[in-house]
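Single-letter residue listing:
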Amino acid sequence: MAEVRGSVAELDPRRVRTNLERVRERIAAAGGDPDAVEICAAVKYVPATELGALAEGGVALVGENRVQDLLEKRARYAERFEWDFIGNLQSRKVREVAPVVRLIHSVASDSALRALERHLAREVLVQVNVAGEASKGGVAPEALGDFIARCPVPVGGLATMPPAAERPEENRRHFARLADLAAEHGLGRLSMGTSQDFEVAVAEGATIVRLGSVLYA
Ligand SMILES: *Cc1c(COP(=O)(O)O)cnc(C)c1O
């Protein structure tokens with residue numbers, strides 16, 4: 001979904017652990033259950049050589065954006081984490097991604113659905129374009145019911161990447177909308193919220209937050 005920026009170097013496992021603890025405290029303060037809200041570490045900034053520090057620091061679930069990086073990192077650390085795919089899903093990459101991840105967060109096109117017919121994934125989230133941004137992928141809320149009905153693999157929930165907001169509060173209505181849509185379609189998982197706005201997302205019912213910078217700072 002998002003673009004890849006610079007990379008982090010020399011992660012200290014103790015710092016990662018402290019950051020994780022702080023995030024859990026902030027999840028609880030936002031009204032979430034810190035044992036139930038999953039923290040998916042967005043590892044696009046993290047070189048493979050630093051992933052060991054994440055594992056030692058207590059990270060259990062990682063999300064990668066790029067297929068090549070996913071395959072390389074997973075080849076080295078398959079057993080140390082659960083792996084999710086959180087990047088833009090190109091249909092021609094479904095074949096490589098589907099068999100190796102727990103959850104794909106970003107199913108949003110009919111070509112991806114067709115690829116999933118041939119390369120079954122365990123479970124997927126449908127990415128919804130809640131803010132109606134022309135520049136972004138994601139299924140339009142009005143089209144969601146039909147899209148879910150056409151999906152050949154289990155749809156566990158919804159995901160969204162709202163606009164970059166100056167204040168986290170600005171995204172509350174987008175998170176609330178995604179939660180409403182999930183409830184309407186009887187879906188349990190809600191992947192929403194990044195370092196900038198995860199507390200608001202949790203307050204609106206996020207079950208998975210995707211966090212990068214706040215874990216590595
Ligand atoms: C990078 C990324 C995140 C995390 O972003 P941070 O601002 O570093 O927390 C979340 N979701 C997706 C799809 C990403 O690509």
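To keep things clear, this report deals only with the structure shown in the data block. Computed from a predicted model, the values in this text were never measured in an experiment. (Residues numbered from 1 in each chain as written. Predicted model: local features only at pLDDT ≥ 70, side-chain atom pairs only at ≥ 80, totals over all residues. Heavy atoms only, no water.)

Some words on the overall build of the protein
Under the convention used in this document: Think of it this way: any DSSP run of H or I at least four residues long counts as a helix, any run of E at least two long counts as a strand, and we number them from the N terminus. Throughout, the radius of gyration refers to the C-alpha atoms, and the reference size of a globule is 2.2 Å times the residue count to the power 0.38. Note on exposure labels: buried denotes an accessible area under 20% of the residue type's maximum, exposed denotes more than 50%, and partly exposed covers the range between, all computed with a 1.4 Å probe on protein chains only. The accessible surface values rely on the Shrake-Rupley method and a 1.4 Å probe; as for residues, cover is taken only from the protein chains in view. Counted as positive: Lys and Arg. Counted as negative: Asp and Glu. His and the chain ends are not counted at all. A charge is said to be at NZ when it belongs to Lys, at CZ for Arg, at CG for Asp and at CD for Glu.
Each helix and strand counted, the protein has 9 helices and 8 strands in total. For 217 residues, the compact-globule estimate of 2.2 N^0.38 gives 17 Å, and the protein sits close to it at 16 Å. Considering only C-alpha atoms, the protein reaches an extent of 45 × 35 × 30 Å along its principal axes. When each of the 217 residues of the protein is scored for burial, the buried share is 50%. When the accessible surface of the protein is totalled, it reaches about 10000 Å², and 45% of it is carbon and sulfur. Across the protein, the 28 positively charged side chains and the 31 negatively charged ones have centroids separated by 4 Å.

A word on the pairing of strand 3 (residues 82-85)
Here is the rule: Criterion used throughout: strands pair if DSSP finds at least two bridges between them. Handedness of a crossover is defined as follows: with both strands directed away from the viewer, a clockwise route from the first strand across the helix to the second makes it right-handed.
Bridging between strand 2 (residues 61-64) and strand 3 involves 4 bridges; their strand directions are parallel. Bridged to Glu64 within strand 3 is Phe85. In this region the chain leaves strand 2, passes through helix 3 (residues 67-77) and returns to the parallel neighbour strand 3; the handedness of that crossover is right-handed. Alignment of strand 3 against strand 4 (residues 103-107), held across 2 bridges, turns out to be parallel. Following the sheet pairing, Asp84 is matched in strand 4 by Leu103.

Considering the packing of aromatic side chains
How we decide: For Phe, Tyr and Trp, rings pair up if their centres lie within 6.5 Å, where Trp contributes its six-membered ring, and each pair is then called stacked (planes under 30 degrees apart), edge-to-face (over 60) or tilted (otherwise).
This model, assessed by the stated rule, comprises 3 aromatic pairs. Geometrically, the ring pair formed by Tyr45 and Tyr216 is edge-to-face, given 6.4 Å between the ring centres and 80 degrees between the ring planes. Here Tyr45 is found in the loop between strand 1 (38-42) and helix 2 (51-56), whereas its partner Tyr216 is found in helix 9 (residues 213-216), with 171 residues between them in sequence. By relative accessible area, which is 5% here, Tyr216 ends up buried. Plain terms: the ring middles of Phe81 and Trp83 are 5.7 Å apart, the flat faces sit at 90 degrees to each other, and that makes the pair edge-to-face. We note that Phe81, like Trp83, is buried. Here the aromatic residues Tyr77, Phe81 and Trp83 are joined through ring pairs into a cluster of three or more.

What about the site of the ligand?
Rules: Near is defined per residue: the residue qualifies when any heavy atom it owns lies within 4 Å of the molecule or strand. Nitrogen and oxygen atoms within 3.5 Å of one another constitute a polar contact, given that in protein one can donate a hydrogen and the other can accept it, and given that sequence-neighbouring residues count only through two side-chain atoms. Just so you know the grouping, Ala, Val, Leu, Ile, Met, Phe, Trp, Tyr, Cys and Pro go in nonpolar, Asp, Glu, Lys and Arg go in charged, and all remaining residues, Gly too, go in polar.
Lining the immediate surroundings of the ligand are 15 residues, of which Lys44, Tyr45, Asn65, Ser195 and Gly212 lie closest. Contact distances for the ligand include 2.8 Å between an oxygen atom and a side-chain N or O atom of Tyr45. Here an oxygen atom of the ligand sits 2.9 Å away from a polar atom, N or O, in the main chain of Ser213. Relative to its unbound accessible surface of 390 Å², the ligand loses 98% to contact with the protein. For the shell around the ligand, the class distribution of residues is 7 nonpolar, 6 polar and 2 charged.

What to know about the pattern of salt bridges
The following threshold applies: Basic side-chain nitrogens of Lys or Arg form a salt bridge, by our definition, when they fall within 4 Å of a carboxyl oxygen of Asp or Glu.
What the rule picks out here adds up to 13 salt bridges. Of the charged contacts, one joins Glu64 and Lys73 as a salt bridge, the two residues approaching to 2.8 Å between their closest N and O atoms. Taken as a pair, Glu64 and Lys73 share a single burial class, namely buried. Between Glu133 and Lys136 there is a salt bridge, and its shortest N-O distance comes to 3.1 Å. Among the ionic contacts, a cluster of salt bridges with common partners joins Glu38, Asp84, Arg102, Glu123 and Arg189.

With respect to the side chain of Glu50
For the record, the criterion: It only takes one pair of heavy atoms within 4.5 Å for two residues to be counted as in contact.
Relative to the elements of secondary structure, Glu50 occurs in the loop between strand 1 and helix 2. One buried charged residue, Glu50, forms no salt bridge at all, with the nearest opposite charge on Arg15 at 7.9 Å. At a separation of 3.3 Å, a polar atom in the side chain of Glu50 contacts the main-chain amide nitrogen of Glu10. If we skip the residues at most four places from it in the chain, Glu50 touches Val8, Ala9, Glu10 and Leu11.

These values are about where atoms sit, not about what they do.
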